[in-house]
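Single-letter residue listing:
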Amino acid sequence: MFFKCAGMANSPMKTAIIRLLGVSTLFLLGGVTTGVSAQGCGPASGNSNVTKAESLISANQSREAYVYLNLAREEGNGEAFRYTAEMFEKGRGVERNPSMARHMFSFGAQSGDAESMYRTAQDYYKRGLKKDGEHWASRAKECGHMGAVMLLVEQAATERRNEVARDLLTLAIDAGYSPAKLYLAEVFDKGQLGLQKDYQSAFKWYYLAAKDHIPEAMAAVAYYFVRAQHGVQDDVAALHWYHEAAKAGHVESMTAYGWMLAMGRGGPVDIEEAHRFFKKAERKGDKQAVVFQREFAIANVRRKPKGG
């Protein structure tokens, strides 16, 4: 059989999968009416079966959700194909099947779902099929998907089409897309896309992205304050932003925050709290955190008075 789920015999899931294969065949033959043109953008939601499926997925009842998604797929609903793709991608309610996930994203793209267009574009680029990748990224862009815009930016930058990349990046910036702010900061930081290095401009965009709670941007702001990269050295501000980035899960910032606490940079020395963050970073694989734990443990022992 094409794929297998435990306890499926004579179940609604088995019936749903058989129907799915029928719908997939119709799509491949061009026999499904989707309600939108192949070049259109489907509605974000509104399908009652998708709504029921979303509720069941939120309640961790993916197998039950699958049946409703199957009904919505038969109606040509792009969202339903995307949710199904994600189920196969993650192995939720069905056996994990990357190939089937790829197909479902493709069907979702054909049904006008912008996120599916974006995921399909990513897949084509990854497989070296640039023309197809650009087609679906451009379609998703036309549907307002800013992630697809950034995908096109990255591709243009790789091919040194700097003016095209800058124009696309401006589009995402104007839309207020937070990852675009981080990208522009890195452009100024490294002197890319035909622009000169400009640490003042880089810091401005890192800061704007940090205010949007992007961990990498928070870490960059902290680094700028530690190193006075933009002309301002401020350990208090650096400590704050490393802490924010660490809380957001940025591993290197956990280590950096611990180091600043252990050194008393930006605030009083707090070895206990420093080691807590070193441990968190170590659990996530940061080797530097292990080095710091050893160094500061030794240093702390040396500072203790005899008999202490």
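All values derive from a computational prediction rather than experimental measurement.

Participant: Give a description of the overall build of the protein chain that names residues and reports values.
Facilitator: Along its length, the protein chain carries 16 helices and zero strands. Evaluated residue by residue, the protein chain yields a buried proportion of 46% over its 308 residues. Here the analysis covers contacts within the protein chain between residues at least 6 apart in sequence; of these, 50% occur between residues at least 24 apart. Of the roughly 16100 Å² of accessible surface on the protein chain, 51% is carried by carbon and sulfur atoms.

Participant: Describe the pattern of salt bridges, listing the residues and the values that go with them.
Facilitator: Applying the stated rule across the entire model yields 13 salt bridges. One salt bridge in this structure joins R82 and D113, with 2.9 Å as the shortest N-O distance. Taken together, the residues span a long stretch of sequence, with R82 in helix α4 (residues 78-90) and D113 in the loop between α5 (98-110) and α6 (114-126) at a distance of 31 residues. Accessibility expressed as a relative area gives 14% for R82, which makes it buried. The class for D113 is buried, based on a relative accessible area of 7%. Linking E142 and R139 is a salt bridge whose minimum nitrogen-to-oxygen distance equals 2.5 Å. Of this pair, E142 and R139 are both found in helix α7 (residues 130-142), three residues apart, which corresponds to roughly one turn of the helix. The class for E142 is exposed, based on a relative accessible area of 56%.

Participant: Outline the layout of surface pockets, listing residues and values.
Facilitator: Approximately 450 Å³ is the volume found for the largest pocket. The set of elements that each furnish at least two residues to the lining of the largest pocket consists of α1 (12-29), α4, α5 and α6. For the lining of the largest pocket, the element with the most residues is α5, which contributes eight residues. Its residues assigned to classes, the lining of the largest pocket shows eight nonpolar, five polar and seven charged.

Participant: Kindly report on the state of the cysteines, identifying the contributing residues and their values.
Facilitator: Scanning the model with the defined rule gives one disulfide in all. Paired by a disulfide, C41 and C143 hold their sulfur atoms 1.8 Å apart. One disulfide, between C41 and C143, carries an S-S torsion of -90 degrees and so falls in the left-handed class. Note that C41 is positioned in the loop between α1 and α2 (48-58) and C143 in the loop between α7 and α8 (146-158), a separation of 102 residues in sequence. When its relative accessible area of 40% is taken as the criterion, C41 is described as partly exposed. For C143, a relative accessible area of 22% corresponds to the partly exposed category.

Participant: For helix α11 (residues 199-211), give the residues involved together with the corresponding values.
Facilitator: Over its 13 residues, α11 runs 18 Å from end to end, which matches the ideal 18 Å to within 8%, given 1.5 Å per residue. Among the residues of α11, A202, F203, W205, Y206, A209 and A210 are the ones counted as buried. Where α11 is buried, its residues contact α9 (162-174), α10 (178-190), α12 (215-227) and α13 (235-247). The opening residue of α11 is D198, an N-cap whose side-chain oxygen sits 3.2 Å from the backbone nitrogen of Q200.

Participant: So what's going on with unusual backbone geometry? Which residues, and what values?
Facilitator: The phi dihedral of N60 falls on the positive side, at around 60 degrees, and the residue is not glycine. Structurally, N60 can be placed in the loop between α2 and α3 (62-74). The exposure class assigned to N60 is exposed, which follows from its relative accessible area of 60%. Non-glycine residue A228 carries a positive phi angle of around 55 degrees. A residue is classified by how much of its surface remains accessible, and A228, at 28% relative accessible area, is partly exposed.

Participant: Before we move on, could you go through α13 and cite the residues and values that matter?
Facilitator: Under the 1.5 Å per step criterion, the end-to-end length of α13 is 18 Å for 13 residues, consistent within 8% with the ideal 18 Å. Among all positions in α13, only D235, A237, A238, L239, W241, Y242, A245 and A246 are buried. For α13, the elements touching its buried residues are α11, α12, α14 (251-263) and α15 (271-283). Its side-chain oxygen 3.1 Å from the backbone nitrogen of V236, D234 forms the N-cap of α13. Two residues or fewer past α13, G249 is found with a positive phi of approximately 100 degrees.

Conventions adopted
Residue numbers here run from 1 along each chain, matching the order of that chain's written sequence. Under the rules for a predicted model, residues below a pLDDT of 70 receive no local features and side-chain atom pairs below 80 are neither given nor counted, while totals for whole chains, interfaces and linings still include all residues. Computation of side-chain values: all heavy atoms of the structure, hydrogens and water removed. Numbering goes from the N terminus for both helices and strands, where a helix is a DSSP run of H or I of at least four residues and a strand is a run of E of at least two. Think of it in three bands: residues with accessible area under 20% of the maximum for their type are buried, residues over 50% are exposed, and the middle band is partly exposed, with areas taken using a 1.4 Å probe on protein chains only. Only heavy atoms matter for contacts: two residues are in contact if any of them lie within 4.5 Å across the pair. Where accessible areas are quoted, they stem from the Shrake-Rupley method and a 1.4 Å probe; at the residue level, only the protein chains shown are allowed to cover. Salt bridge, as applied in this entry: a Lys or Arg side-chain nitrogen positioned within 4 Å of an Asp or Glu carboxyl oxygen. Grid spacing is 1 Å over the protein atoms alone, the probe is 1.4 Å, and a cavity is where that probe fits but cannot get out, while a pocket is an open set with protein on both sides within 12 Å along at least five of seven lines and lining residues have an atom within 4 Å of a point. Grid points are joined across faces, edges and corners, and a volume is the space filled by probe spheres set on the points. Gly is put with the polar residues, along with every residue not named as nonpolar or charged; the nonpolar set is Ala, Val, Leu, Ile, Met, Phe, Trp, Tyr, Cys and Pro, and the charged set is Asp, Glu, Lys and Arg. In plain terms, two cysteine sulfur atoms within 2.5 Å form what is called a disulfide here. In this analysis, the expected span of each helix is defined as 1.5 Å times one less than the number of residues it contains. Within 3.5 Å is the distance limit for a polar contact, defined as a pair of N or O atoms, with the added protein rule that one can donate a hydrogen and the other accept it, and that residues adjacent in sequence qualify only through two side-chain atoms.

On their own, these measurements won't tell you what the molecule is for.
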